[in-house]
Amino acid sequence: MDKQLLQTAYSPEDFRQNGHQLIDLLAEHLDKSLNKSSSKVLNWENPSEEYKFWNNFLFNGKPSDLNNEIIKRSIHLHHPHYMGHQISPVAPITGLTSLLNAILNNGMGIYEMGMAPTAMERVVVEQLCKEIGYGKKSDGFLTSGGTLANLTALLSARKNRTGNDVWENGTSNKLAIMVSEEAHYCIDRAARIMGLGEKGIIKIAVDEGFALKTELLEQSYKKTIHEGYEVIAIVGSAPSTATGIYDDLETIGDFAFEKGIWFHIDAAHGGGAIFSSKYKSLLKGMKKADSIVIDGHKMMMMPSITTALLFKEGRDSHNTFRQKADYLLQDSKEEDWYNLAKRTFECTKYMMSLHWYTLLKIYGKSIFDEFVTTLYDLGQEFGELLENDPLFEIAVKPMSNIICFRLINKDKDLLSLNKINSTVRQKLLEEGEFYIVQTKIKDIVYLRATIMNPFTTEEHFKKLLDNIKRKAFPLLNL
Ligand SMILES: *Cc1c(COP(=O)(O)O)cnc(C)c1O
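The rules behind each value
Residues numbered from 1 in each chain as written. Predicted model: local features only at pLDDT ≥ 70, side-chain atom pairs only at ≥ 80, totals over all residues. Heavy atoms only, no water. Axes fitted to C-alpha atoms, helices over the stretch in contact; angles between N-to-C directions. Helix = DSSP H or I, 4+ residues; strand = E, 2+ residues; numbered from the N terminus. Left-handed = near helix turned anticlockwise from the far one by under 90°. Contact = heavy atoms within 4.5 Å. Nonpolar A, V, L, I, M, F, W, Y, C, P; charged D, E, K, R; others polar. Near = heavy atom within 4 Å. Polar contact = N/O pair within 3.5 Å; in protein donor to acceptor, adjacent residues only side chain to side chain. Areas by Shrake-Rupley, 256 points an atom, 1.4 Å probe, with all protein chains shown as cover. Core = buried A, V, L, I, M, F, W, Y, C linked by side-chain atoms within 4.5 Å. Buried < 20%, exposed > 50% of the residue type's maximum accessible area, 1.4 Å probe, protein only. Domains from an automatic or database assignment. Pairing = 2+ DSSP bridges. Lys, Arg positive; Asp, Glu negative; His and termini not counted. Salt bridge = Lys/Arg side-chain N within 4 Å of Asp/Glu carboxyl O.

Student: Any chance you could explain the packing of helix α10 (residues 217-226) against helix α11 (residues 249-259) here in plain terms?
Tutor: Geometrically, a packed helix pair is captured by the angle between its two axes and the distance between the axes. Contact pair α10 / α11: the axes reach a minimum separation of 11 Å and the direction vectors enclose 35°. With respect to the hand of their crossing, α10 and α11 are arranged in right-handed fashion. Of α11, the residues touching α10 (which contributes Leu-217, Glu-218 and Tyr-221) are Ile-252, Phe-255, Glu-258 and Lys-259. Tallied by class, residues from the contact of α10 with α11 come to 4 nonpolar, no polar and 3 charged.

Here it is, written out as structure tokens:
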């Protein structure tokens, strides 16, 4: 076999040259986005046209145009007009740790498949636990995203509450999880995956401020028990995704303790606030949780996806998936913290700790304080701007960097206002100058902005609102 292609593909010299070119291209991209010499956040194209382009490019495109086209045809999170979904404009240094990870490609399942990143992961986990206020027995690991981390935490809850019973024998017992109706959909999905079914997901209504209504906990719990269910866990959101509102973790924690059920906090979005001296109090009561999820790729400036799952009692993290010894997972007397696949859902996972550790090492934890505090401050600022504008209404005073708002008009009914708000958002998307999303809360369509870029300013908010008004006036007959 002639190995010409392999020789080329693995040429260190080609890698060096292509790498330098790509870094130059990305540095230019960052400069244009951050300093906004580029006017657009995204160059909108509909899915079938986009598909046609790439299908054609595979056969007719110039290889030297490939990276340029990818950048041009992707959404630009470093642009200060990006205020859409909750994904980080990454700290550029984590682009470099991504590269390091990609070339080294250690699989992380067992210790020797990632010695440095396994030990670094433990250091990072210890730092996070300390910041939360957990004691010495706490532990945790990094895993692939908030969705998987929430499922893993709920599996830990079930193992903790039911022992080996369900794990070994399966069950037709009626198990249930209590959660706010505003919780992320992945909690519902996790419960269904676990076989709890729709009835095993006890949804608690929210109050006017969109936080779980804690006064309802007792009666809802009693009703559930009365119907023959065993409640294994309760989930608090910090904050919930749609509205950015933090649940009252202190009260939920006390309730869980009193009933002897597992308390899980989904802090995928806002767990990073543990580093914010100004906003840390939003997480008051957090250390009562048995498990906590924090996404690195949301409010901690890291690439997708990397998530921390932390446990008050480290042993729970070892018990979740404990199974009979096989070729990979040998039983050991002491808890071998360094064979991570015993505790994670994944077998192979990437070297996530490189991002967390490098940010801590190079900038220190203060960088997370600067990032979260700046973005939450901007959320307040944008909220105030909207409150003072009679054309707009906010769903709730923002508690974080997520703001739901909508155009209002006393001559229009709910349905037409829903339509107008949706139309404006679609026009914004297709124009590409700003990026925001929309959400529906209790039948009302809201425009939803998540301020993810710490270089967004009040000036940008004003431009966004002017732009929205220009699009809305003809629709409102103004
Ligand atoms: C984003 C989010 C999730 C899902 O996390 P992924 O990392 O996207 O899988 C879960 N819960 C909340 C509250 C979130 O904001």
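Student: Is there a simple way to think about the site of the ligand in this case?
Tutor: With respect to spatial proximity, 15 residues lie near the ligand, and among them Gly-146, Thr-147, Asp-266, Asp-295 and Lys-298 are the closest. At 2.8 Å from an oxygen atom of the ligand is found a side-chain nitrogen or oxygen belonging to Asp-295. Within the side chain of His-297, one N or O atom sits 2.8 Å away from an oxygen atom of the ligand. In the complex, the protein chains occlude 87% of the 380 Å² of accessible area that the ligand would expose alone. The set of elements that each furnish at least two residues to the shell around the ligand consists of α7 (146-162) and α12 (296-299). For the shell around the ligand, the class distribution of residues is 3 nonpolar, 9 polar and 3 charged.

Student: Please explain the nonpolar core as it appears in this structure.
Tutor: If you look at soluble globular proteins, the nonpolar side chains tend to sit buried side by side. Among the nonpolar cores identified, the biggest contains 88 residues, and Phe-382, Phe-405 and Ile-468 are the most heavily contacted of them. With 10 residues, helix α15 (residues 366-387) is the single largest residue contributor to this core. No fewer than three residues from each of domain 1 (12-41 + 76-92 + 365-478) and domain 2 (107-364) sit in this core. When near neighbours in sequence (up to four residues on either side) are disregarded, Phe-405 contacts Phe-382, Leu-386, Phe-392, Glu-393, Ile-394, Ile-436, Tyr-446, Leu-447, Ala-449, Leu-465 and Ile-468.

Student: Mind showing me how you'd approach the sheet that holds strand β9 (residues 402-407) here?
Tutor: Hydrogen bonding along the main chain pairs the strands of a sheet, whether they run parallel or antiparallel. Taken in spatial order, the 4 strands make up an open sheet running β8-β9-β11-β10, and their pairing is antiparallel. Edge positions in the open sheet fall to β8 (392-394) and β10 (437-441), since each of these has one partner strand only. Across the sheet, the mean angle from the axis of one strand to that of its neighbour is 40°, orientation sign disregarded. In the sheet, β10 pairs with strand β11 (residues 444-450) via 5 bridges, with the strands oriented antiparallel. The partner of Gln-438 across the bridge, within β11, is Leu-447. Against the sheet, helix α17 (residues 458-475) engages β8, β9 and β11, with an angle of about 30° to β9.

Student: Got a minute to help me understand the side chain of Asp-316 in this structure?
Tutor: Mapped onto the secondary structure, Asp-316 falls in helix α13 (residues 314-319). The buried charged residue Asp-316 lacks any salt bridge, with Arg-315 as its nearest oppositely charged partner at 4.8 Å. In this view, Asp-316 contacts Ser-156, Asn-160, Trp-262 and Phe-311; residues no more than four positions away in its chain are not counted.

Student: Would you mind showing me how to read the environment of Ile-444 here?
Tutor: Mapped onto the fold, Ile-444 is located in strand β11. Distance in space between the C-alpha atoms of Ile-444 and Gly-195 is 32 Å, their sequence separation being 249 residues. Among all residues touching Ile-444, those that are not within four sequence positions of it are Arg-406, Leu-414, Asn-418 and Thr-439.

Student: Before we go on, may I ask you to explain the side chain of Thr-439 in this structure?
Tutor: Position of Thr-439 among the secondary structure elements: in strand β10. Non-local contacts of Thr-439, meaning those with residues more than four positions away in its chain, are made with Ala-242, Cys-404, Ile-444, Val-445, Tyr-446 and Arg-448.

Student: In this structure, what is going on with the environment of Ala-211? I would like to understand it.
Tutor: Residue placement: Ala-211 occurs in the loop between β3 (201-204) and α10. The sequence separation of Ala-211 and Glu-126 amounts to 85 residues, and the corresponding C-alpha distance is 30 Å. Filtering out sequence-adjacent residues up to four positions away, Ala-211 remains in contact with Ala-205, Val-206, Ile-245, Tyr-246 and Asp-247.

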